[in-house]
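Notes for the structure review
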Amino acid sequence: MADRPGTTRLLEVEAVRYRWPGEAGFALEVPRLSLDRGERLLLIGPSGSGKSTLLALVAGIVAPLEGQIRVLGEDIARLGASARDRFRAEHMGVVFQMFNLLPYGSAVDNVLLPLSFAPKRRARVGSHLAQETEARRLLARLGLDASAIGRRRAADLSVGQQQRVAAARAMIGRPELMIADEPTSALDTETRDQFLDLVSGELAESDAGLLMVSHDAALAPRFDRVVRLADILRDGRSVPVPVAVP
Ligand SMILES: Nc1ncnc2c1ncn2[C@@H]1O[C@H](COP(=O)(O)OP(=O)(O)OP(=O)(O)O)[C@@H](O)[C@H]1O
Ligand SMILES: [Mg+2]
């Protein structure tokens, strides 16, 4: 682990400011947000409020104009773009809102993809054969039979199937931080629950954390904390207010 010994803090966002290039009307200012190891945090908020933008910052896809984003003690805001890419591949599993699959790759190719940029994560899974077996296990746990969908390219899978491939890709090699942007939006209730059960099981095994965005308020009881984006933004009510979870 790249973490300091004894530290349970997985993610610390501090005084972050971001604006998309050319987007004069939108600015995101996050004074503070944190996530501990083993914690599952659900982020909610209206469309266009900046949820995906915040996840892009935490995932290191974009760098903030100001502020710190510490993941496992490393301030990824200070890294260059390619170092951020390597850090993400090694330590984070990301389910993007638009999935971002390799359209011509098979389901298994897509699930294995992050391992090719992440030697430590790859070593956790094992040999080539073990990697393929693990990819198939994760897909099967999400109700996808890799043999049945065979060599079909990802672009020819249904939207819900693509979403499950993206989820398996995020989980392979048990990264410390899982970031998921509406990962269940195209799934039926049963598959959605399979996904959440699998994520919870994987997280418990590795003491990883989950930062997830969803519009589905019914998911709240499955999280340790629910935070409204408006509550963590500057000009919002300055501190995250946990929504009472039964
Ligand atoms: N790649 C991008 N380039 C430029 N502007 C962007 C980009 N992504 C988002 N934005 C802008 O940032 C603002 C926040 O968008 P964002 O996608 O973060 O919202 P969101 O809360 O995730 O919405 P939704 O619930 O619809 O997914 C919007 O004004 C949007 O136009
Ligand atoms: Mg979004």
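Residues numbered from 1 in each chain as written. Chains lettered and ligands numbered in written order. Predicted model: local features only at pLDDT ≥ 70, side-chain atom pairs only at ≥ 80, totals over all residues.

1. Observations concerning the overall build of the protein chain
Put simply, the test is: The secondary structure listing takes helices from DSSP runs of H or I that are at least 4 residues long and strands from runs of E that are at least 2 residues long, numbered from the N terminus. Using C-alpha atoms as the atom set, the radius of gyration is obtained and then compared with a globule rule of 2.2 Å times the number of residues to the power 0.38. For the exposure call, what matters is how many other C-beta atoms sit within 10 Å of a residue's own: 20 or more marks it buried, 12 or fewer exposed, and in between partly exposed, using C-beta atoms placed from the backbone. Note that contacts rest on C-beta atoms placed from the backbone: two residues are in contact if these are within 7 Å.
The helix and strand inventory of the protein chain stands at nine helices and nine strands. Radius of gyration (C-alpha) of the protein chain: 17 Å, near the 18 Å computed for a compact globule of 246 residues. The 246 residues of the protein chain split such that 41% are buried. In the protein chain, 74% of the contacts between residues at least 6 apart in sequence involve partners at least 24 apart.

2. Regarding the site of ligand 1
Operational definition: What makes a residue near a molecule or strand is its C-beta atom, placed from the backbone, lying within 6 Å of it. Asp, Glu, Lys and Arg are counted as charged, while Ala, Val, Leu, Ile, Met, Phe, Trp, Tyr, Cys and Pro are counted as nonpolar; the rest, among them Gly, fall into the polar class.
By nearness alone, every residue bordering ligand 1 is listed as Trp20, Glu23, Phe26, Gly45, Ser47, Gly48, Ser49, Gly50, Lys51, Ser52, Thr53 and Gln97. Considering only residue class, the shell around ligand 1 consists of two nonpolar, eight polar and two charged.

3. So, the pairing of strand β8 (residues 209-213)
Applied cut-off: Strand pairing is defined by DSSP finding a minimum of two bridges between the two strands. Think of it like this: strands point away, you trace from the first strand over the helix to the second, and a clockwise trace means the crossover is right-handed.
Burial of β8 is extensive: five of the five residues sit out of reach of the surface. Of the two faces of β8, both are covered, the one formed by Gly209, Leu211 and Val213 as well as the one formed by Leu210 and Met212. In the sheet, strand β3 (residues 40-44) pairs with β8 via four bridges, with the strands oriented parallel. Bridge assignment links arginine 40 to a residue of β8, and that residue is leucine 210. Relative to β8, strand β7 (residues 177-181) runs parallel, the two sharing five bridges. Bridge assignment links alanine 180 to a residue of β8, and that residue is methionine 212. Crossover connection from β7 via helix α8 (residues 189-206) to parallel β8: handedness right-handed.

4. Overview of the sheet that holds β8
The cut-off we apply is this: What counts as an axis is a line fitted to C-alpha atoms, over the stretch in contact for a helix, and the angles between N-to-C directions run from 0 to 180 degrees.
Taken together, the five strands give an open sheet; going across it, the order is β6-β7-β8-β3-β9, and neighbouring strands pair in parallel fashion. Two strands close off the open sheet at either side, each with one partner strand: β6 (92-95) and β9 (225-228). Averaged over all pairs of adjacent strands, the angle between their axes in this sheet comes to 15°, without regard to strand direction. Sheet topology places β3 next to β9; four bridges connect them, and they run parallel. Directly across from leucine 41, in β9, lies its bridge partner arginine 225.

5. Let's talk about the confidence of the model for the protein chain
This is how the line gets drawn: Note: pLDDT gives the predictor's confidence per residue, expressed from 0 to 100.
Per-residue confidence for the protein chain gives a mean pLDDT of 90; residues scoring 70 or more make up 92%. Per-element averaging of pLDDT across the protein chain places helix α6 (residues 146-149) at the bottom with 89 and strand β5 (residues 74-75) at the top with 98. In the model, residues 237-242 has pLDDT below 50 throughout and makes ten contacts with residues more than four positions away in sequence or in other chains.

6. Examining α8
Counted only if it meets this: Given a helix with a known number of residues, its expected span is that number minus one, times 1.5 Å.
Given a rise of 1.5 Å per residue, 18 residues ought to cover 26 Å, and the 26 Å separating the end C-alpha atoms of α8 matches this to within 8%. Residues of α8 that are buried sit in contact with β3, α7 (159-171), β7 and β8.

7. Topic: the sheet that holds strand β4 (residues 66-71)
In spatial order, the strands read β2-β1-β4-β5; together these four strands make up an open sheet with antiparallel pairing. Whereas interior strands pair on both sides, the edge strands pair on one side only; in this sheet they are β2 (28-36) and β5. The sheet contact formed by strand β1 (residues 9-18) and β2 spans eight bridges and is antiparallel. Residue pairing in the sheet places valine 16 in a bridge with valine 30 of β2. Packing of helix α1 (residues 51-58) onto the sheet brings it into contact with β1, β2 and β4, and relative to β1 it is tilted by some 120°.

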